[in-house]
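Listed below, chain by chain, are the residues.
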Amino acid sequence: MPPLSSSSPSSPAPLSRAAVVTALRAAGCVFAEDEARLILAAARTSDELAAMVDRRVTGLPLELVVGWAEFRGLRIAVEPGVFVPRRRTEFLVGQALAHAPDASVVVDLCCGSGAVGAALAVALGEVELHAADIDPAAVRCARRNVAAFDGQVHAGDLFAALPDSLRGRVGILAANVPYVPTGEVGLLPAEAREHEPRVALDGGPDGLDVLRRVAAEAPSWLAPGGCVLVETSERQAPTALETFTRRGLSARLVASEELHATVVVGLN
């Protein structure tokens, strides 16, 4: 499809809503009308609108086109090269709140955009919020999203990024770890495979490498009664559950059919 333009001789007028919907539909966007509404609302000029539609029809994820993703009612800023928060991860947040409704210290590990930490801070109110990621782009993005909650974002590899003063104090440790097996990364939808960092997707040969590392160290960081929550797949769940149990955590498996979400919860 040739680039859309709002100022070329062949199309001097700004793109209409109908034209945007038609372009998106032709590119295979299933929810073309909804996407058109969001793009039209985000574009500040007709030239910007044409550029945004061009980016979307060439395969850039909608969230990266408009610059934000909705997560538990929040607008989470996202940018190219950062993992886009998934709706199914809202289930992890809900389970964290159900298991530790009075948590005062929250850690969002493998934080990506910081969506989980921001959502927990909104729900809990006054909390000490920390987030961490190994990817510099994610750290920059997360700092934008947790600034309103005085959250601190640390750069580094899992627990090595966190200040040692958090040991034994964490009420909620949410770790949205990568869990796609290495051999299956190539089977992911193009929007994830081509536009999100591999470090946020690839969980090693069986998808559980990072989960094992989180389970190994989590008990020493959790406060008494604190919980660690990790998203995984239904297929991986039995092994993930056993991994938590072997580390001395009281582990349980929770799932949402509606959101196609599976979460392992470990209680200290």
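Placed above this text is the structure.
Since we're looking at a predicted model, the values are computed, not measured.

Undergrad: For this particular structure, what's the right way to read the pairing of strand β1 (residues 68-71)?
TA: Sheet faces and side chains relate simply in a regular strand, where the side chains alternate between the two faces. With four bridges connecting them, β1 and strand β2 (residues 74-77) associate as antiparallel partners. Bridge pairing in β2 places Phe71 opposite Leu74. What sits between the antiparallel neighbours β1 and β2 is a turn of two residues, in which Arg72 has the positive phi angle 50°.

Undergrad: Got a minute to help me understand the pattern of salt bridges in this structure?
TA: Note that side chains of opposite charge can pair when their charged atoms are close. One pass over the structure, following the stated rule, counts 18 salt bridges. Arg212 is paired through a salt bridge with Asp209; the nearest N and O atoms lie 3.5 Å apart. One end of the pair is Arg212 and the other is Asp209, both in helix α9 (residues 209-221) and three residues apart, which spans about a single turn. A salt bridge links Arg246 to Glu242; the shortest N-O distance between them is 3.2 Å. One end of the pair, Arg246, and the other, Glu242, are both in helix α10 (residues 237-246), four residues apart, so they sit about a helical turn from each other.

Undergrad: Explain unusual backbone geometry here, please?
TA: Backbone geometry follows two general trends: most residues other than glycine have a negative phi, and most peptide bonds adopt the trans configuration. A positive phi is found at Cys110, a non-glycine position, where the angle reads about 55°. Inspection of the secondary structure assignment puts Cys110 in the loop between β3 (105-109) and α6 (115-124). With a relative accessible area of 18%, Cys110 lands in the buried category. Notably, His260 is not glycine yet its phi reads approximately 55°, a positive angle. With a relative accessible area of 68%, His260 lands in the exposed category.

Procedures and definitions
- Residues numbered from 1 in each chain as written.
- Predicted model: local features only at pLDDT ≥ 70, side-chain atom pairs only at ≥ 80, totals over all residues.
- Heavy atoms only, no water.
- Pairing = 2+ DSSP bridges.
- Helix = DSSP H or I, 4+ residues; strand = E, 2+ residues; numbered from the N terminus.
- Salt bridge = Lys/Arg side-chain N within 4 Å of Asp/Glu carboxyl O.
- Buried < 20%, exposed > 50% of the residue type's maximum accessible area, 1.4 Å probe, protein only.

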